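Results of the structural survey
Okay, here's what each chain looks like letter by letter:
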Amino acid sequence: MSSLRWTVSDTLVLAMRQLRRIPRQPDLLIGYTIQPVMFVLLFRYVFGGAIATPGFDNYASYLMPGIIVQSIAFGGFVTALAIADDMNKGLIGRFRSLPMSRIAVLSGRAFADIALNALQLVVLIGIGLVVGFGFGTDVLKVLLGILLLLGLGFAFSWVFCLIGLLSGSAETSNAIGFTVIFPLTFASGAFVQPSTMPDGLRQFAEANPFTTLVDATRHLWIGGEAAPANSDVWMSIVWIVAITVVASFLAVRRYRSLAG
Amino acid sequence: MSTDAVIEARGLRRSFGDVHALQGVDLVAPAGSVLGVLGPNGAGKTTAVRILTTLLPPDGGSATVAGLDVVKDAQELRSKIGLAGQYAAVDEYLTGKENLEMVGRLYHLSPAESRSRAKELLEEFDLVDAGGRTAGTYSGGMRRRLDLAAALVMRPPVLFLDEPTTGLDPRSRNSLWQTIEDRVADGTTVLLTTQYLEEADRLADRIAVIDHGQVIAEGTSDELKAKVGGERLDLVLEDEAQAAAATEALAPLADGEPAVDGASLSTPLRQGSGGVVAAVRRLDDAGVGVTDIAVRRPTLDDAFLTLTGRPAEEASTDGEEPA
Ligand SMILES: Nc1ncnc2c1ncn2[C@@H]1O[C@H](COP(=O)(O)OP(=O)(O)O)[C@@H](O)[C@H]1O
Ligand SMILES: [Mg+2]
């Protein structure tokens, strides 16, 4: 039997494992649903009145693509915690002692995350529509935007797999997530227009791939003058592929050379 | 070098930074035997198991398991071994049955085979009633049993058990010992690490005593005991102030210095010294009163004390990192 066949089979078995676990971890479900909703309400109603977003119907329109990109990217955080937990519980040791694919633990996780991210997307788009967000384009573009976001989630699953493997503990994963990735999502065009930021930060935010992703989503979902078609969609795809390739390479290499 | 050795390690070395976890370890287990690796916390037992189960490459030395090199033939070897690590490696959010089926699938059994094997193992390990519950609800003993069951999904010819009963109550320990003995009766070759002398004594055909990454003694339980010298005389004094007098009275019989602990005194006896009778007579002549006196064969505890210069219990105080 070809090794590719077994890689696919092992990946499915481990993706199934993750999917089975989801309904049995209510705290995780809350993290994926209630938390992003709180964020939406906070930004829309607490900060929203003070944030000007010329060209957009309302702040909800500007905000939703940003907050969704942030939630999807940062949702992979749970992945880092779970991988660190698997290491500490000796599960990774068991998997590594089995004659299975050396990628499947991570790829299974990354594919299962797609389901979690889809759930998160449904919740977020739902609450977005309630607080005043509206799609301004056609179904095809909306779907393309959703695909892009799921691709982003997939890429960040690998990033967080790597963080979990490197840190080996929930605490360190937490620290890396909240001191590196979380601020990166804020220093972007996700919540406010970079043109309002001071020099230095503005250039950083404009070059930030999160900004690219958010602008691409805005273009695909809202369109019009405010969110023009430019290179953002293509650049987003390039970023997603690049992050996936680099992070998965490093994560798999790390997995194979674990000391446990 | 025995040709029928199923587990054979030569000069294994492994360091973590400047911690030398293994400093040239040789281990041999013939087919169908149980090799006990006995040592305190931090001795290097888990490191040796990780190397032999392909989880960790050695820095030096070589090892074969079932005729396969643990480095070069790692992937092939993985289908021949079962591992129950030091910490029960079960997914707490999956049921016992789901855990075993998952392992079966990862050993590349078909879904139907995985299901029927899981069912068999749940029966064998007395987990039928708990099979539908998530492993997070299991007791320590049940988790261990599930973990061991997972290691046996493929009926591996070689089984590695890293401290299989650490943290278990005596009843669970006994039932796990029985299970391991059943496997051995079926011809499985087992390498078992333990901190419990009693466990090595009961299960292992041969024992390698390991300390600070080195094998400091190797042999059958009886051979190790013999190494420690002959029989021992244990006695309890009526008055602990008489310890010195007792030591002096027993000196002609003793083979080395006695260990004194309050009113208790323990001394190795010289061969043909006359045992309890001679000892009682001498103590009587010296006017030393005893409340209890007995001659016993040395235990592995004594062996450990003699070999390492410290008791096994005392040695196992340093903390430990999970896998
Ligand atoms: N991954 C690791 N990184 C650093 N040190 C380690 C690692 N694994 C084991 N050690 C150290 O190696 C020594 C032997 O550990 P181990 O093999 O786990 O001993 P045992 O299983 O006998 O308790 C200990 O000092 C331990 O701290
Ligand atoms: Mg250990």
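Our structure's up above, just so we're on the same page.
Presented here is a report on the structure given in the accompanying data block. Here the structure is a predicted model, which is why all the values come from computation and not from measurement.

Another aspect to go through is the interface of chain A and chain B. With 27 residues of chain A at the interface, the matching set in chain B holds 33 residues. At the boundary of chain A with chain B, total buried surface from both sides reaches about 2800 Å², with 58% on carbon and sulfur atoms. There are six salt bridges connecting chain A and chain B. Linking Arg24 of chain A and Glu98 of chain B is a salt bridge whose minimum nitrogen-to-oxygen distance equals 2.7 Å. For the pair chain A and chain B, the interface holds 11 residue pairs in polar contact (both at pLDDT 80 or more). Counting residues per element, the ones that place at least two in the side of chain A that touches chain B are α1 (3-21), α4 (77-88) and α5 (91-97) of chain A. If one sorts the elements of the side of chain A that touches chain B by residue count, α1 of chain A sits on top with eight residues. When grouped by side-chain class, the residues that make up the side of chain A that touches chain B number 11 nonpolar, seven polar and nine charged.

As a structural note, the neighbourhood of ligand 1 is formed by 14 residues, with Gly42, Gly44, Lys45, Thr46 and Thr47 of chain B the closest of them. Around ligand 1, the neighbouring residues derive from chains A and B rather than from a single chain. A distance of 3.1 Å is found between an oxygen atom of ligand 1 and a backbone nitrogen or oxygen belonging to Ala43 of chain B. Thr46 of chain B is positioned such that a nitrogen or oxygen atom in its side chain is 2.7 Å from an oxygen atom of ligand 1. Relative to its free-state accessible area of 560 Å², ligand 1 is covered by the protein chains to the extent of 70%. Top element by residues in the shell around ligand 1 is helix α1 (residues 45-52) of chain B. It accounts for four residues. Residue classes in the shell around ligand 1 are distributed as six nonpolar, five polar and three charged.

Moving on to the packing of aromatic side chains. Taken as a whole, this structure holds 23 aromatic pairs over all chains when the rule is applied. Ring centres of Phe111 of chain A and Phe154 of chain A lie 5.0 Å apart, and the angle between their planes is 50°; this geometry places the pair in the tilted category. Taken as a pair, Phe111 of chain A in helix α6 (residues 104-130) and Phe154 of chain A in helix α7 (residues 139-167) lie far apart in primary sequence, 43 residues in all. Taking the centre distance of 5.2 Å and the plane angle of 65° together, the rings of Phe178 of chain A and Phe182 of chain A count as edge-to-face. On the criterion of helical spacing, the pair formed by Phe178 of chain A and Phe182 of chain A is a turn pair, its members being four residues apart in helix α8 (residues 170-186). Three or more aromatic residues link up through ring pairs in this structure, and these residues are Phe39, Phe43, Phe47, Phe74, Phe77, Phe156, Phe160, Phe178, Phe182, Phe186, Phe191 and Phe210 of chain A. Over the face of the ring belonging to Tyr196 of chain B we find Arg173 of chain B, whose NZ or CZ atom lies 4.1 Å from the ring centre.

All names here are of chain B. Taken in spatial order, the six strands of this open sheet run β6-β7-β8-β3-β9-β10, and their pairing is mixed. Single-partner strands in this sheet number two, and they are β6 (81-84) and β10 (214-219). The mean angle between the axes of side-by-side strands here comes to 15°, regardless of whether they run parallel or antiparallel. Across five bridges, the pairing between strand β3 (residues 34-38) and strand β8 (residues 189-194) is parallel. Residue pairing for β8: Val34 is matched across the bridge by Val190. Contacts from helix α5 (residues 140-151) reach β6 and β7 (158-162), with the element oriented near 165° to β6. In the packing of helix α11 (residues 300-308) onto the sheet, contacts are made with β9 (206-211) and β10, and the angle to β9 comes to roughly 40°.

What follows is about the sheet that holds strand β1 (residues 5-16) of chain B. Residue and element names in this part refer to chain B. The strand order across the open sheet built from four strands is β2-β1-β4-β5, with neighbouring strands paired in antiparallel fashion. Of all strands in the sheet, those bounded by a partner on one side alone are β2 (19-30) and β5 (68-69). Alignment of strand β4 (residues 60-65) against β5, held across two bridges, turns out to be antiparallel. Bridge assignment links Thr64 to a residue of β5, and that residue is Asp69. α1 rests against β1, β2 and β4 of the sheet, and its axis sits at about 120° to β1.

How each quantity is defined
Residues numbered from 1 in each chain as written. Chains lettered and ligands numbered in written order. Predicted model: local features only at pLDDT ≥ 70, side-chain atom pairs only at ≥ 80, totals over all residues. Heavy atoms only, no water. Contact = heavy atoms within 4.5 Å. Buried area = accessible area lost by both parts, 1.4 Å probe. Salt bridge = Lys/Arg side-chain N within 4 Å of Asp/Glu carboxyl O. Polar contact = N/O pair within 3.5 Å; in protein donor to acceptor, adjacent residues only side chain to side chain. Helix = DSSP H or I, 4+ residues; strand = E, 2+ residues; numbered from the N terminus. Nonpolar A, V, L, I, M, F, W, Y, C, P; charged D, E, K, R; others polar. Near = heavy atom within 4 Å. Areas by Shrake-Rupley, 256 points an atom, 1.4 Å probe, with all protein chains shown as cover. Phe/Tyr/Trp six-rings, centres within 6.5 Å; stacked < 30°, edge-to-face > 60°. Lys NZ or Arg CZ within 6 Å of the ring centre and 35° of its normal. Pairing = 2+ DSSP bridges. Axes fitted to C-alpha atoms, helices over the stretch in contact; angles between N-to-C directions.

Just distances and angles here, no functional claims.
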